[in-house]
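# Summary of structural features
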Amino acid sequence: MPAQEFTVPYPARGSVLGAPELSALAELVGSSRTLSAGGCRAAFEQRFAKLVGSRHAVSTTSGTVALELAVKLLDLEVGDEVIATPQTYRATLDPLLDQPITVRFCDIDPLTLNAEPGSVESLVSGRTRAILLVHYGGLPADMDSIMRLARRHGITVIEDCAHALGSSYYGRRPGSLANLSCFSFHTSKNITTLGEGGMVTTDDDTWAERLERLRSNASDAEFRPRKQRIGDRAFASAWMLHPGNAYTHACTRLRHHGTNATLSEAAAAVGIVQLDRLDTLTAARRGIAERIGAVLRRFPFAVVPQEPEGVVSSHHLYTFSFKEGCGIDRDRFVEGMIARGVELQLRYFPLHLLPEWQARGHREGECPNAERMWFDRQVNLPCHPSLSDRQVTYLANSLEAQLVEAAAGRWAVV
Ligand SMILES: *Cc1c(COP(=O)(O)O)cnc(C)c1O
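Here goes a summary of the coordinates provided. Bear in mind that the values here come from a model prediction, so they are computed numbers and not experimental data.

With that settled, the discussion passes to the sheet that holds strand 16 (residues 378-381). Taking strand neighbours across the sheet as the criterion, the 3 strands line up as 13-15-16 in an open arrangement whose pairing is antiparallel. Strands with a single pairing partner mark the edges of an open sheet, and in this sheet they are strand 13 (302-303) and strand 16. Relative to strand 16, strand 15 (residues 318-322) is paired through 4 bridges, and the arrangement is antiparallel. Opposite F320, over in strand 16, you have V379 as the bridge partner. The sheet contacts of helix 7 (residues 265-296) involve strand 13, strand 15 and strand 16, and relative to strand 15 the element is tilted by about 15°. Its contacts with the sheet place helix 8 (residues 330-339) against strand 15 and strand 16, and it is angled at close to 20° to strand 16.

What follows is about the environment of L263. Relative to the helices and strands, L263 resides in the loop between strand 12 (249-256) and helix 7. Note on L263: relative accessible area 2%, which makes it buried.

It is worth spelling out the sheet that holds strand 2 (residues 81-84) at this point. Pairing within the open sheet is mixed, and its 7 strands lie in the order 1-8-7-5-4-2-3. The open sheet terminates on both sides in strands that have one partner only, identified here as strand 1 (56-60) and strand 3 (102-105). Going across the sheet, the axis of each strand differs from the next one's by a mean of 20°, ignoring polarity. Bridge count between strand 1 and strand 8 (residues 198-202): 5 bridges; the pairing is antiparallel. Considered in strand 8, the bridge of H56 is made with T202. In this fold helix 2 (residues 39-52) packs onto strand 1, strand 7 (180-184) and strand 8, with an angle of close to 130° to the strand it touches most, strand 1.

Here we take up the packing of aromatic side chains. Within this structure, the stated rule accounts for 16 aromatic pairs. Relative to Y348, the ring of Y89 has its centre 5.9 Å away and its plane inclined at 45°; by these criteria the two rings are tilted. With Y89 in the loop between strand 2 and strand 3 and Y348 in the loop between helix 8 and helix 9 (355-358), the pair connects residues that are 259 residues apart, well separated along the chain. We classify Y89 as partly exposed; its relative accessible area is 45%.

Attention shifts here to the site of the ligand. The environment of the ligand is formed by 17 residues, the closest being G63, T64, D160, S184 and K189. Within the side chain of H163, an N or O atom sits 2.9 Å from an oxygen atom of the ligand. Contact between the ligand and K189: an oxygen atom at 3.1 Å from a side-chain N or O atom of the residue. Coverage of the ligand by the protein amounts to 92% of the 380 Å² it exposes when considered alone. A per-element tally of the shell around the ligand places helix 3 (residues 63-73) first, with 3 residues. Its residues placed into classes, the shell around the ligand shows 6 nonpolar, 9 polar and 2 charged.

Rules of the game
Residues numbered from 1 in each chain as written. Predicted model: local features only at pLDDT ≥ 70, side-chain atom pairs only at ≥ 80, totals over all residues. Heavy atoms only, no water. Pairing = 2+ DSSP bridges. Helix = DSSP H or I, 4+ residues; strand = E, 2+ residues; numbered from the N terminus. Contact = heavy atoms within 4.5 Å. Axes fitted to C-alpha atoms, helices over the stretch in contact; angles between N-to-C directions. Buried < 20%, exposed > 50% of the residue type's maximum accessible area, 1.4 Å probe, protein only. Phe/Tyr/Trp six-rings, centres within 6.5 Å; stacked < 30°, edge-to-face > 60°. Near = heavy atom within 4 Å. Polar contact = N/O pair within 3.5 Å; in protein donor to acceptor, adjacent residues only side chain to side chain. Areas by Shrake-Rupley, 256 points an atom, 1.4 Å probe, with all protein chains shown as cover. Nonpolar A, V, L, I, M, F, W, Y, C, P; charged D, E, K, R; others polar.

Here is the structure:
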């Protein structure tokens, strides 16, 4: 069967990059500056830290790597416990699969799909070291409750902000709401650094230094200078004693080996321009969300996403759900939308039910809200700035027609 051509595709098609990004690239390539670990990266990181309100921003090659490095900083030990949301992209939790720990999956609030603070609290034990959560679809999680709880128990919180650049939370921004914050600049995200890129932000000076080492092939370790001789070789010259020449220094405490996660200068140059356009790109997503919301609000069986007063979502995703027990068959609704040429994908399969996590003893029934939402109730609609006005109109009209059909119970026989 040939792949269906959708009138409204779910993933962004085509690039949101334009003339300003191209001219930043031309300027860089035409210069004699380095293409790796140079001034563009430093400038991008500084601007980013300032924007989100954190002391440090350390860029990486992807959001996945940002999360891997952030988890390394936790120095988890055998028997430690981490509380994690099951409703996020798998990259949020994949780094935990390498750790000698127990993961406790909290449940989610069915209205927001974010980690539910009461559920998180019920899982705290004397061994809890960290909480990993996401701002689902760009709507910030209940960070006041979660950070209060974490501070009370001395727990580190990592926020996955891959959806939440452009969001705000009572005057602050994701990226400064937790102890460590991770971003993605993948082509589908709210800004992109030429397709791939990531960032970790933190207020902690020591963590920032360790991140700097981890992403640039250095060891995350403590060192002291060696004696100036090894065997009969003397280190006579000053350049040999430079700390960059690791053999002149002895490692006293090795935590982790590093990797090369250098964001290229080309990517960073584009990132700087994209930051200038963040408000426009966010407004485009929010404009689409507004038009979809206007349709949904006419149907009492649809649960429409809401922003609490003082909280702004970037609308990286647009997710609504059918009211519990309203009798509408979600799967048939989705099939109807697809038949109309609107591509729908469900974001995200509850992670505790992935084979990797089931192999670690996790089972159906562990997170009832997350399971009910994904299996029965939630719908994710296309919502990205590469949709044309015509496509958004087509989406809104198809949605309305399909909801009318659902309300009448007139399902096409398949
Ligand atoms: C995209 C995404 C990631 C991973 O980012 P990459 O840059 O694609 O590696 C992590 N978490 C969430 C929630 C994401 O949406």
